[in-house]
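Listed here are the chains, written in short residue letters.
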Amino acid sequence: MSDTHASSDTRREPGQYEIRLKGHLEARWAAWFDGLSLTPESDGTTVIRGSVIDQAALHGLLSKVRDLGLPLIAVTQIDPKQMKGKER
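Model, not experiment: these values are computed from the prediction.

## A short note on the overall build of the protein
Then, in step 1: Scanning the protein from N- to C-terminus turns up two helices and four strands.
Then, in step 2: For the protein, the succession of helices and strands along the chain, N to C, is β-β-β-α-β-α.
Then, in step 3: Counting over 88 residues, the protein shows a buried share of 30%.
Then, in step 4: Across the protein, the fraction of contacts at a sequence separation of at least 24, relative to all contacts at a separation of at least 6, is 64%.
Then, in step 5: For the protein, the accessible area works out to roughly 6,500 Å², and carbon and sulfur atoms hold 50% of it.

Printed below as a string of structure tokens:
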């Protein structure tokens, strides 16, 4: 029987993500989001930025966003080179 999923022993680097929410979150919420950075923007949104180890971790993060009850505006995977200027 053949395996339909390709497997590889190569290790993947964590993905860099920006998650934009409608509304502002205080900095104290960063601990709940595993230390990701939270940036309140002037347009009334909050951007959560940082490394997410894999898809399961991303789904867990999105579950936390759902539990907050704030509307999700966007989830964007970011090129790590772009993250350097945005970390706060």
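Having put the structure on the table, let's press on.
## Some thoughts on the side chain of Ser 37
Then, in step 1: The residue Ser 37 is located in strand β2 (residues 37–40) in this model.
Then, in step 2: Among residues more than four places away in sequence, those in contact with Ser 37 are Val 47, Ile 48 and Arg 49.

## So, helix α1 (residues 55–68)
Then, in step 1: Helix length check: α1, at 14 residues, gives a terminal C-alpha distance of 20 Å against a target of 20 Å (1.5 Å per residue), a fit within 8%.
Then, in step 2: Taken as a whole, α1 has its buried residues at Leu 58, Leu 61 and Val 65. Looking straight down α1, one finds that the buried residues subtend no more than 60° of arc, so they occupy a single side. Exposed residues pointing more than 90 degrees away from the buried face of α1 are listed as Ala 56, His 59, Arg 66 and Asp 67.
Then, in step 3: Buried positions along α1 lie against β1 (15–22), β3 (45–52) and β4 (72–78).
Then, in step 4: Of the residues flanking the end of α1, it is Gly 69, one or two places downstream, whose phi is positive at about 85°.

## Describing the sheet that holds β3
Then, in step 1: Taken together, the four strands give an open sheet; going across it, the order is β2-β3-β1-β4, and neighbouring strands pair in antiparallel fashion. Whereas interior strands pair on both sides, the edge strands pair on one side only; in this sheet they are β2 and β4. Put simply, the sheet's adjacent strands are angled 20° from each other on average, direction ignored.
Then, in step 2: Taken together, the six bridges between β1 and β4 define a ladder with antiparallel strand orientation.

## Digging into the pattern of salt bridges
Where charged atoms from two side chains of opposite charge come close, those side chains can pair.
Then, in step 1: Enumeration according to the criterion identifies six salt bridges in this entry.
Then, in step 2: Between Lys 64 and Asp 34 there is a salt bridge, with its nearest N and O atoms 3.9 Å apart. One end of the pair, Lys 64, is in helix α1; the other, Asp 34, is in the loop between β1 and β2, and 30 residues separate them in sequence.
Then, in step 3: Residue Arg 66 pairs with Asp 67 through a salt bridge whose shortest N-O separation is 3.0 Å.
Then, in step 4: When salt bridges that share partners are traced, they join Glu 18, Glu 41 and Arg 49 into one network.

What counts as what
Residues numbered from 1 in each chain as written. Predicted model: local features only at pLDDT ≥ 70, side-chain atom pairs only at ≥ 80, totals over all residues. Heavy atoms only, no water. Helix = DSSP H or I, 4+ residues; strand = E, 2+ residues; numbered from the N terminus. Buried < 20%, exposed > 50% of the residue type's maximum accessible area, 1.4 Å probe, protein only. Contact = heavy atoms within 4.5 Å. Areas by Shrake-Rupley, 256 points an atom, 1.4 Å probe, with all protein chains shown as cover. Expected span 1.5 Å × (residues − 1). Arc of directions from axis to C-beta. Pairing = 2+ DSSP bridges. Axes fitted to C-alpha atoms, helices over the stretch in contact; angles between N-to-C directions. Salt bridge = Lys/Arg side-chain N within 4 Å of Asp/Glu carboxyl O.

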